[in-house]
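# Structural overview for review
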Amino acid sequence: ALLRRGQAVQDFEMLNYKKSGEPYWVSMNIQPITDAAGRVTEYVAIETDITQRKQAELESARTYRRLAQAQRIAKLGTIEHHLSSGTLRCSAEVCLMLGLPDAQDSIRYEDFLGRIHADDRDAVREAYELAINTGTPYEQEYRIGEPAGELHWVGVRGLVEGWDDGRSALCHLTV
């Protein structure tokens, strides 16, 4: 459609096949060449073989799907706490535990603390902040509740990474 309108195509990825039938991936950039009247008369195309990168991307996606499936089967969830923004990205299993819709996979740290049973909240905050400030592993059991009032005991473990630059620090947690 872009070429029909005389526009350039950039970074278009396409699966091709060699004469032997072996597949390979290319990234294409196509630039239309126009005459003095502005009509396209020819095209210049550059193809770059991206097979290795594409295979790595596809394998990464397969691995991610297997991990997500294993987490669902084991009822194991993960949380990434972005310390600079105070937001937590939660896996589907954690969203289920918290009573959150899957589409809302990001919540604020304070909202997460609000889901922890009131009797456990101060101890959780204290232990978690100690782990973040000292870089030591975090491990704790506490009660967490859905808005409807159902409580679950959870065991949470985590590690902080990325304090080197002070901005992109994350705390990876399993629930």
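Everything here concerns the structure above.
What comes next is a walk through the structure. (Residues numbered from 1 in each chain as written. Predicted model: local features only at pLDDT ≥ 70, side-chain atom pairs only at ≥ 80, totals over all residues. Heavy atoms only, no water.)

### Focus on the overall build of the protein
When its secondary structure is counted, the protein shows 4 helices and 9 strands. Taken from the N to the C terminus, the helices and strands of the protein come in the order β-β-β-α-β-β-α-β-α-α-β-β-β. Principal axes of the C-alpha set define a box for the protein whose edges measure 75 × 40 × 35 Å. Considering only residue pairs separated by 6 or more positions, the protein has 29% of its internal contacts joining residues 24 or more positions apart. (Helix = DSSP H or I, 4+ residues; strand = E, 2+ residues; numbered from the N terminus. Contact = heavy atoms within 4.5 Å.)

### Thoughts on the sheet that holds strand β2 (residues 23–34)
With respect to topology, 3 strands assemble into an open sheet ordered β1-β2-β3, the strand pairing being antiparallel. Looking at strand neighbours, the two that pair on one side only are β1 (9–17) and β3 (40–49), the edges of this open sheet. Neighbour-to-neighbour, the strand axes of this sheet turn through a mean angle of 35°, independent of strand direction. With 7 bridges joining them, β1 and β2 adopt antiparallel strand pairing. Bridging across to β2, Tyr-17 finds its partner in Pro-23. Across the sheet, helix α1 (residues 51–74) is in contact with β1, β2 and β3; its angle to β2 comes to roughly 120°. (Pairing = 2+ DSSP bridges. Axes fitted to C-alpha atoms, helices over the stretch in contact; angles between N-to-C directions.)

### Concerning the packing of aromatic side chains
Scanning all chains against the criterion turns up 2 aromatic pairs. The rings of Tyr-109, Tyr-128 and Tyr-138 are connected pair by pair, giving a single aromatic cluster. In this structure, Lys-54 packs its charged tip against the face of Trp-25, placed 4.8 Å from the ring centre. (Phe/Tyr/Trp six-rings, centres within 6.5 Å; stacked < 30°, edge-to-face > 60°. Lys NZ or Arg CZ within 6 Å of the ring centre and 35° of its normal.)

### As for the sheet that holds strand β9 (residues 170–174)
Hydrogen bonds between backbone groups are what pair the strands of a sheet, and the pairing can be parallel or antiparallel. Spatial strand order, β6-β5-β4-β9-β8-β7: 6 strands in an open sheet with antiparallel pairing. Since the sheet does not close on itself, it has two edges, and those belong to β6 (106–108) and β7 (138–145), each with one partner. Strand after strand, the sheet turns through a mean of 30° between neighbouring axes, direction not considered. Note: strand β4 (residues 78–82) against β9, 5 bridges, orientation antiparallel. Its bridge partner lying in β9, Thr-78 is registered against Thr-174. Across the sheet, helix α4 (residues 118–134) is in contact with β4, β7, β8 (151–161) and β9; its angle to β7 comes to roughly 150°.

### Quick notes on the pairing of β2
Taking the residues between adjacent antiparallel strands as the criterion, β1 and β2 are bridged by 5 residues, where Gly-21 takes a positive phi near 95°. Note that β2 and β3 share 9 bridges and pair antiparallel. Looking at the pairing, Thr-34 lines up with Val-40 of β3. In sequence, β2 turns back onto β3 through a hairpin of 5 residues, with Gly-38 there showing a positive phi of about 90°.

### Here's the deal with the pattern of salt bridges
Within this structure, the stated rule accounts for 11 salt bridges. With a closest N to O distance of 3.3 Å, Arg-66 and Glu-59 form a salt bridge. Among the ionic pairs, Glu-139 bridges to Arg-157, the shortest N-O distance being 3.2 Å. With a gap of 18 residues between them, Glu-139 in strand β7 and Arg-157 in strand β8 connect regions that are remote in the sequence. Classification of Glu-139 by relative accessible area gives exposed; the value is 57%. A relative accessible area of 51% places Arg-157 in the exposed class. Each of the salt bridges in this network shares a partner with another, and the network as a whole consists of Glu-13, Arg-53, Lys-54 and Glu-57. (Salt bridge = Lys/Arg side-chain N within 4 Å of Asp/Glu carboxyl O. Buried < 20%, exposed > 50% of the residue type's maximum accessible area, 1.4 Å probe, protein only.)

By themselves, these are just geometric observations and shouldn't be taken as functional.
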